[in-house]
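In case you want the letters, here they are:
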Amino acid sequence: MDRHVPMHALPEEIQKMPPEEKVCKYCGVSYLLLHEFKAMEEKVRTMEKEMIFYQGSMEREKRLQEKLQLLTQDFQQYRIDSESKIERLERANAFLLLA
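Residues numbered from 1 in each chain as written. Predicted model: local features only at pLDDT ≥ 70, side-chain atom pairs only at ≥ 80, totals over all residues. Heavy atoms only, no water.

Engineer: Quick question: what am I supposed to make of the overall build of the chain here?
Structural biologist: Helix and strand counts for the chain stand at 3 helices and 0 strands. Mapped from its N terminus to its C terminus, the chain presents α and β elements in the order α-α-α. In the chain, which comprises 99 residues, the share counted as buried stands at 3%. In the structure as shown, the chain presents an accessible area of about 9900 Å², 62% of it carried by carbon and sulfur atoms. (Helix = DSSP H or I, 4+ residues; strand = E, 2+ residues; numbered from the N terminus. Buried < 20%, exposed > 50% of the residue type's maximum accessible area, 1.4 Å probe, protein only. Areas by Shrake-Rupley, 256 points an atom, 1.4 Å probe, with all protein chains shown as cover.)

Right under this line is the structure:
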């Protein structure tokens, strides 16, 4: 994940604020950190969704590769059968022409 590095220092008025004004009264976390933490949480959620998608993609690709291999084998067998039938037809045709 990219880390945000501020280009400018905090304004002086924020730096001089008392700590109780810079932190959440409910959880005690600095508002500045809370914002960055929430942004990081959102990135993590997005990345988790992407990981699930890619994990599913790998499983789908594996199944498709297996199916492709079976189809290739079937195609090869059909081609051999077809060539054999063509040879038999040519021999039968030649026999009929000679007869």
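Engineer: What exactly am I supposed to notice about the packing of aromatic side chains here?
Structural biologist: Taken as a whole and assessed by the stated rule, the structure comprises 1 aromatic pair. Centre to centre, the rings of phenylalanine 53 and tyrosine 54 are 5.3 Å apart; their planes meet at 65 degrees, and the pair counts as edge-to-face. On the accessibility criterion, phenylalanine 53 (49% relative accessible area) is partly exposed. Exposure remark for tyrosine 54: the relative accessible area of 52% places this residue in the exposed category. (Phe/Tyr/Trp six-rings, centres within 6.5 Å; stacked < 30°, edge-to-face > 60°.)

Engineer: Any chance you could explain the pattern of salt bridges here in plain terms?
Structural biologist: In a structure, side chains of opposite charge can pair up when their charged atoms sit close to one another. Overall, the coordinates contain 2 salt bridges when judged by the stated rule. Note that lysine 38 and glutamate 41 form a salt bridge whose closest N and O atoms lie 3.6 Å from each other. Residue lysine 38 and its partner glutamate 41 are both found in helix α3 (residues 31-98); the two are separated by 3 residues, about one turn of the helix. Looking at lysine 38, the relative accessible area reads 46%, which means it is partly exposed. Among the residues examined, glutamate 41 registers a relative accessible area of 28% and is labelled partly exposed. (Salt bridge = Lys/Arg side-chain N within 4 Å of Asp/Glu carboxyl O.)

Engineer: Help me out: how do you make sense of the confidence of the model for the chain in this one?
Structural biologist: Atom-level detail of predicted coordinates should not be read off regions where pLDDT is low. Confidence in the prediction of the chain, expressed as mean pLDDT, is 84, and 87% of residues score 70 or more. Of all helices and strands in the chain, the one with the weakest mean pLDDT is helix α2 (residues 19-22) (75), whereas α3 scores best (90). (pLDDT = per-residue confidence, 0-100.)

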